[in-house]
There are 2 protein chains.
Amino acid sequence: FTHSRSSPSCSSSVQLWTLPLPFLSKPRDFSVPNSSWGPEMMRLYEHYNSQCEVEMEGGGKREGLWRKLPSYNRILKYATGGVYLSKIIQSKARLFTRNIREPGAAFEYVLFANSEEQKCVGIFQAGHLLEGPPGHVHGGAIATMIDTVTGTHASMLSGPVMTANLNINYRSPIPLGSTVLLESCLDKKEGRKIIITCKVMSTDGSKVHTETTALFLSINVCHLLERA
Amino acid sequence: FTHSRSSPSCSSSVQLWTLPLPFLSKPRDFSVPNSSWGPEMMRLYEHYNSQCEVEMEGGGKREGLWRKLPSYNRILKYATGGVYLSKIIQSKARLFTRNIREPGAAFEYVLFANSEEQKCVGIFQAGHLLEGPPGHVHGGAIATMIDTVTGTHASMLSGPVMTANLNINYRSPIPLGSTVLLESCLDKKEGRKIIITCKVMSTDGSKVHTETTALFLSINVCHLLERA
């Protein structure tokens, strides 16, 4: 529930871990289409992705209204100084939402940000390993996607943040296998506080599955890494 | 986010699925110790488990204050009538909290219930695949455990329920690999509503990681299965 747009880089006691060789190359971005993405997922992806670049007269391109955010399954820099976790846990750790390799089995998602409108959207296809009630997505899996989208949004607005409160109203269950849209909007920014609202909706916008208010606090990520 | 203590059994349009042969035998209970459980997890397990049976004079045993709740990774009965999910998704579906086979990698947990005090506890050891912020458990994974413990508790009090609201205050992050205690207490029961409070604490009770109020609504699980 701490979110930072990029890897944390702290000046004092935090050092870079030596990464195993395969990770010295460019890390894999999981937010790109794969064979498991259904037609709804692809349609929404194309909708936002096509607005990330605008063709100019003369053939050049410039940045569009939206920006696709990459998503990795591990933190690319590790802290050593002061960190109490074993190196084994650190090296095996994987982001909760990207911890299953089989495409389509769990969380398939991609985030887009619109800095002009201070909005963020997530397109989420819920795989069969996310079951809660029979045939439907687990409330915790939905909370996880809400935390991911709103947390990423908050960190884009304020740098590293921590989730302080999630208040989620579950209105209508989400069938396993379906694709939904998460829409995150800035409500208020006040000192260290960022308040964000988020709706999870059917892809045509006709049904609201959940409504959330989320509170984030700006943090100095070094404190988190130094805790003993 | 619908919780029912046992598998749903509805009278009208819902039928049992023919289960594949291996599941006709007794399903595996995941709430028992395995080699990944650390000393804290074992200590708390023994603490509650030893109170599930009381030795009587003469050598017999009777039920104790606490009861261990079993936990499976799939729903043991399927609905066919009216259900719009493909049979492939139904057959591959696994409970979100039990979807990873490697012991200790993700959610290790066990729930105990105390019907006299209307309390429920969860002992939770957070594996390395649940990472959110560097070295700490993802806020969504914590929400998932809260939904699991409070939802199970609510369904014990009222039969099948659905999560209507989760209001989670995150006070202190949980280091990856650590064991925490979830304590769920009935606050109020009023018509279809069940309000439950839940604390996630360090195992010695000295630190509160999260505080939650959860609202559940009693449902007729047949409606969920019949939705088209």
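Residues numbered from 1 in each chain as written. Chains lettered and ligands numbered in written order. Predicted model: local features only at pLDDT ≥ 70, side-chain atom pairs only at ≥ 80, totals over all residues. Heavy atoms only, no water.

Okay, the relation of the copies chain A and chain B next. The two copies are related by a screw motion: chain A maps onto chain B through a turn of 180° and a shift of 0.0 Å along the axis, at an RMSD of 0.0 Å. Read as a symmetry element, the transformation amounts to a two-fold axis. For chain A, the residue whose C-alpha comes nearest the rotation axis is asparagine 167 of chain A, separated from it by 2.1 Å. Most of the interface of chain A is mirrored in chain B, where 100% of its interface residues are also at the interface. (Least-squares fit on C-alpha atoms with pLDDT ≥ 70 in both. Contact = heavy atoms within 4.5 Å.)

Counting from both sides, the interface comprises 55 residues of chain A and, opposite them, 55 residues of chain B. When chain A packs against chain B, the two sides together hide about 4,800 Å² of surface, and 64% of this comes from carbon and sulfur. Applying the counting rule to chain A against chain B returns zero salt bridges. Secondary-structure elements contributing two or more residues to the side of chain A that touches chain B are α2 (87-92), α3 (139-158), β7 (161-170) and α4 (221-226) of chain A. The dominant element in the side of chain A that touches chain B, judged by the number of residues it contributes, is β7 of chain A, at nine residues. In the side of chain A that touches chain B, the residues fall into 30 nonpolar, 18 polar and seven charged. Note that β7 of chain A and strand β7 (residues 161-170) of chain B share five bridges and pair antiparallel. From the neighbouring strand, asparagine 165 of chain A faces β7 of chain B, where its bridge partner is asparagine 169 of chain B. (Buried area = accessible area lost by both parts, 1.4 Å probe. Salt bridge = Lys/Arg side-chain N within 4 Å of Asp/Glu carboxyl O. Helix = DSSP H or I, 4+ residues; strand = E, 2+ residues; numbered from the N terminus. Nonpolar A, V, L, I, M, F, W, Y, C, P; charged D, E, K, R; others polar. Pairing = 2+ DSSP bridges.)

Enumeration according to the criterion identifies 15 aromatic pairs over all chains in this entry. Through a chain of ring-to-ring contacts, the aromatic side chains of Phe96, Phe107 and Phe124 of chain A together with Phe96, Phe107 and Phe124 of chain B assemble into a single cluster. Above the plane of the ring of tyrosine 109 of chain A lies arginine 98 of chain A, whose end atom (NZ or CZ) is 3.7 Å from the centre. (Phe/Tyr/Trp six-rings, centres within 6.5 Å; stacked < 30°, edge-to-face > 60°. Lys NZ or Arg CZ within 6 Å of the ring centre and 35° of its normal.)

Take the pairing of strand β10 (residues 208-218) of chain B next. Residue and element names in this part refer to chain B. Note: β7 against β10, nine bridges, orientation antiparallel. Bridge pairing in β10 places asparagine 167 opposite threonine 213. Bridging between strand β9 (residues 193-202) and β10 involves nine bridges; their strand directions are antiparallel. Following the sheet pairing, lysine 199 is matched in β10 by glutamate 211. Counting the residues that bridge the hairpin from β9 to β10 gives five residues, and of these glycine 205 lies at a positive phi of roughly 75°.

All right, on to the pattern of salt bridges then. Counted according to the given criterion, the structure contains ten salt bridges over all chains. One salt bridge in this structure joins arginine 43 of chain A and glutamate 40 of chain A, with 3.1 Å as the shortest N-O distance. Note that arginine 43 of chain A and glutamate 40 of chain A are positioned in helix α1 (residues 39-49) at a spacing of three residues, about one turn of the helix. Looking at arginine 43 of chain A, the relative accessible area reads 42%, which means it is partly exposed. As a salt-bridge pair, lysine 119 of chain B and glutamate 117 of chain B come within 4.0 Å of each other at their nearest N and O atoms. (Buried < 20%, exposed > 50% of the residue type's maximum accessible area, 1.4 Å probe, protein only.)

With respect to the helices and strands, glutamate 131 of chain B occurs in the loop between β6 (119-126) and α3 (139-158). The charged side chain of glutamate 131 of chain B is buried without a salt bridge, its nearest counter-charge being arginine 94 of chain A at 6.8 Å. (Lys, Arg positive; Asp, Glu negative; His and termini not counted.)

Before going further, it helps to spend a moment on the confidence of the model for chain A. Residues and elements named next belong to chain A. Model confidence for chain A is summarised by a mean pLDDT of 85, while 82% of its residues fall at 70 or above. When the criterion is pLDDT under 50, residues 6-22 qualifies, and its contacts beyond four places in sequence or with other chains add up to 33 contacts. For residues 78-83, every residue scores under 50 in pLDDT, and the model assigns this stretch 21 contacts once sequence neighbours within four places are set aside. (pLDDT = per-residue confidence, 0-100.)

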